[in-house]
Amino acid sequence: QLQLVESGGGLVQPGGFLRLSCAASGFTVSDYDMSWYRQAPGKERELVAVITRSFLTAGETTNYTDSVKGRFTISRDSAKNTVYLQMNSLKPEDTFVYYCYAHWATNTYWGQGTQVTVSS
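Here's a quick rundown of the structure. (Residues numbered from 1 in each chain as written. Predicted model: local features only at pLDDT ≥ 70, side-chain atom pairs only at ≥ 80, totals over all residues. Heavy atoms only, no water.)

Section: the pattern of salt bridges
The cut-off we apply is this: When a carboxyl oxygen of Asp or Glu lies within 4 Å of a side-chain nitrogen of Lys or Arg, that pair is called a salt bridge. Numbering of helices and strands runs from the N terminus, with a helix taken as a DSSP run of H or I at least four residues long and a strand as a DSSP run of E at least two residues long. Exposed residues in this analysis have more than 50% of their type's maximum accessible area, buried residues have under 20%, and partly exposed residues fall in between, with area computed by a 1.4 Å probe over protein chains only.
In total, this model carries five salt bridges according to the counting rule given. Across the salt bridge formed by aspartate 94 and arginine 38, the nearest N and O atoms sit 3.2 Å from each other. Here the residue aspartate 94 occupies a position in the loop between strand E8 (82-87) and strand E9 (96-104), and arginine 38 occupies one in strand E4 (residues 33-39), the gap between them amounting to 56 residues. No difference in accessibility class separates aspartate 94 from arginine 38, as the two residues are buried.

Printed below as a string of structure tokens:
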């Protein structure tokens, strides 16, 4: 069965950190561009970070939306078939449901989402 399962969300105080995990089954994450999106109620999902697929290139690349640059890091563990989002120096405005997304050609998969709440 092809699926993505996120974990690691929760409640954290401003300035704190969380690490989100996205475990894939049924396909190999290194063969896909892997992204994290986030969404607030009633709003569109916004791209947070992306890590490109690693084969056929000299190496993978990463990109981030401006509001998280220097605070968030996306990474991939091919042995565990898992993608991570390390989130440091969290702010209340980082409160969203975070979704993992896999994309290559016509193949796309979404995870179910994990809630991140930053509040004192």
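What follows continues from the structure just given.
Focus on the sheet that holds strand E1 (residues 3-7)
What counts here: Here a strand pair is declared whenever DSSP counts at least two bridges between the two strands. To define axes, lines are fitted to C-alpha atoms, for helices over the stretch in contact only, and angles between the resulting N-to-C directions are given on a 0 to 180 degree scale.
With antiparallel pairing, four strands are arranged side by side in an open sheet as E1-E3-E8-E7. Looking at the sheet topology across the chains shown, the edges are occupied by E1 and strand E7 (72-77). With strand direction ignored, the average angle separating the axes of adjacent strands in the sheet is 15 degrees.

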